[in-house]
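For reference, the chains in residue letters:
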Amino acid sequence: MKPFLRQQLAKYTDRLGELEFLLSREDIMQDMAQFLALSREHTEVAAVASRWQRYKQREVDLAGAHDMLREADGDTEMQTLAQEEIDSANAEMAELEAELQRMLLPKDPDDARNAFVEIRAGTGGDESALFAGDLLRMYTRYCDSLGWKVEVISESASELGGYKEVVIRIEAYNAYGTLKFESGGHRVQRVPATETQGRIHTSACTVAVLAEPDEAEAIKINPADLRIDTYRASGAGGQHINKTDSAVRITHLPTGIVAECQDGRSQHSNKAQALRVLTARIQEKDRSERAAKDAAERKSLVGTGDRSDRIRTYNFPQGRLTDHRINLTLYKLLGIMEGDLGDVVAALQAYEAAQQLAALEVGA
């Protein structure tokens, strides 16, 4: 294990002792908010410290096994036992080191939140709108496979199928952390159903993944900065949705950012949902601006964060998906389009973890 990791892990052992002392004090126990905050930190620190303790114990075991192997001197049975202990210790230490590295990585507090996913058709006309529908299906099926709840917030359907724009909300722990790297430009290469000469067309969609803000965050928006319009929802929904002005569009005047919701039956619920989307978009704008400033100092996984960046190509004739940010190529496109996104997500998360670990080592 690298020295900088040992230094970081030693701090957790020290901090665990401090937390145990603090949690034993009566004045801390009387302040419930502080007690809960320290208890949560204790749980996280103890998890790291216990694994670090186990790693050090296995180091001792490994050294002992090497000593035993040297002293075996022709004793085949003892040599076998020593070698088995060496193999076992090395395997467990490798697992523990990988786990400890993951636990040391800085955590984005937004990762655990629900997410909004916005899909917009780009270049390519009707084919782009159809691809937007395919992406919606891909994400929905992926979420279904994980048992996550998905609801459509707003949609603008295309005449030939698919969507000009669609926004969904995903309710699940770590939804944003799992899907945040989907933000960017998605390019598709395939023969459209309307193509009579078998020519391959290229079109594109943009995807934006936003963390759903805390309910308290909405209070920070000044109501005077909002323009709220109501209108009749379009599309499916029965008589009720077409006869009442239940759909809501909210405009944040200082930034021009707009959010709308027409999925709910009541104007009140649509307004609340649109406000959550609006707040998420404003936060994402701030996040993108900060990321642009940080980009000069540290290379970002998702490039500049600009949604127009081409992050991925879906090549149907070759059955190939390529993620250009990490040079990942998979030849199982049809399965991925049916929601089998696990390998893609895992590769992106592993790349981010490697980048964070490298940054952590530089700063140690």
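This is a predicted model, so every value here is computed, not measured.

Rules behind the numbers
Residues numbered from 1 in each chain as written. Predicted model: local features only at pLDDT ≥ 70, side-chain atom pairs only at ≥ 80, totals over all residues. Heavy atoms only, no water. Axes fitted to C-alpha atoms, helices over the stretch in contact; angles between N-to-C directions. Helix = DSSP H or I, 4+ residues; strand = E, 2+ residues; numbered from the N terminus. Parallel < 35°, antiparallel > 145°, perpendicular 65-115°, else oblique. Left-handed = near helix turned anticlockwise from the far one by under 90°. Contact = heavy atoms within 4.5 Å. Buried < 20%, exposed > 50% of the residue type's maximum accessible area, 1.4 Å probe, protein only. Phe/Tyr/Trp six-rings, centres within 6.5 Å; stacked < 30°, edge-to-face > 60°. Pairing = 2+ DSSP bridges. Salt bridge = Lys/Arg side-chain N within 4 Å of Asp/Glu carboxyl O.

Visitor: Any chance you could break down the packing of helix H1 (residues 3–23) against helix H4 (residues 76–104) for me, citing the residues and the numbers?
Guide: Here H1 crosses H4 at 70 degrees, and the two axes come no closer than 11 Å. For the element pair H1 / H4, the angle class is roughly perpendicular. Of the two elements, H1 crosses H4, and the hand of that crossing is left-handed. Residues Leu5, Gln8, Leu9 and Tyr12 of H1 form the contact with H4, whose participating residues are Glu97, Leu100, Gln101, Met103 and Leu104.

Visitor: Which residues make up the side chain of Arg325, and what values do they have?
Guide: Here Arg325 shows up in the loop between strand E10 (320–323) and strand E11 (328–330). Here Arg325 falls in the buried class, since its relative accessible area comes to 15%.

Visitor: So what about unusual backbone geometry? Which residues, and what values?
Guide: Located in the positive-phi region is Asn174, a residue other than glycine, with phi close to 70 degrees. Along the chain, Asn174 falls in the loop between strand E3 (163–171) and helix H6 (175–179). Classification of Asn174 as partly exposed rests on a relative accessible area of 25%. Here the phi dihedral of Asn327 falls at roughly 55 degrees; this positive angle occurs in a residue that is not glycine. Relative to the elements of secondary structure, Asn327 occurs in the loop between E10 and E11. Overall, Asn327 belongs to the exposed group, its relative accessible area being 70%.

Visitor: Please set out the packing of aromatic side chains residue by residue, giving values where relevant.
Guide: Any pair of aromatic rings gets described here by the distance separating the centres and the angle formed by the planes. Throughout the structure, instances matching the rule amount to 3 aromatic pairs. Each ring, one from Phe131 and one from Tyr314, has its centre 5.2 Å from the other, and the planes form 70 degrees; the classification is edge-to-face. Here the residue Phe131 occupies a position in helix H5 (residues 126–145), and Tyr314 occupies one in strand E9 (residues 310–315), the gap between them amounting to 183 residues. The class of Phe131 is buried, set by a relative accessible area of 0%.

Visitor: Explain the sheet that holds E9 to me, using residue names and the numbers behind them.
Guide: An order of E2-E3-E1-E5-E4-E9-E10-E11 is seen for the 8 strands of this open sheet, with the pairing classed as mixed. With one partner strand each, in any of the chains shown, strand E2 (149–157) and E11 form the two edges of the open sheet. Shown here is a sheet whose adjacent strand axes are inclined to one another by a mean of 15 degrees, direction ignored. Inspection of the sheet shows strand E4 (residues 184–190) paired to E9 by 5 bridges, in the parallel sense. Residue pairing across strands places Gly185 opposite Arg310, the latter belonging to E9. Contacts from H5 reach strand E1 (115–121), E2, E3, E4, strand E5 (201–211) and E9 within the one sheet, and its direction differs from that of E4 by about 110 degrees.

Visitor: Tell me about the sheet that holds strand E6 (residues 226–231), and please be specific about residues and values.
Guide: With antiparallel pairing, 3 strands are arranged side by side in an open sheet as E6-E7-E8. Of all the strands in the sheet, just E6 and strand E8 (257–261) have a single pairing partner and so form its edges. With direction set aside, neighbouring strand axes in the sheet form an average angle of 15 degrees.

Visitor: Please set out the pattern of salt bridges residue by residue, giving values where relevant.
Guide: Applying the stated rule across the entire model yields 32 salt bridges. Arg281 is paired through a salt bridge with Glu118; the nearest N and O atoms lie 2.3 Å apart. Pair noted here: Arg281 is in helix H8 (residues 267–294) and Glu118 is in strand E1, with a separation of 163 residues, a long-range link. Arg281 gets classed as buried once you look at its relative accessible area, which sits at 11%. Between Arg169 and Glu171 there is a salt bridge whose closest N-O contact spans 3.2 Å. Owing to a relative accessible area of 11%, Arg169 belongs among the buried residues under this scheme. Linked by salt bridges that have partners in common, Lys149, Glu151, Arg169, Glu171, Glu212 and Arg276 make up one network.

Visitor: An account of the environment of Gln355 is requested, with residue identities and associated values reported.
Guide: Within the secondary structure layout, Gln355 lies in helix H10 (residues 342–363). With relative accessibility at 27%, the residue Gln355 sits in the partly exposed group.

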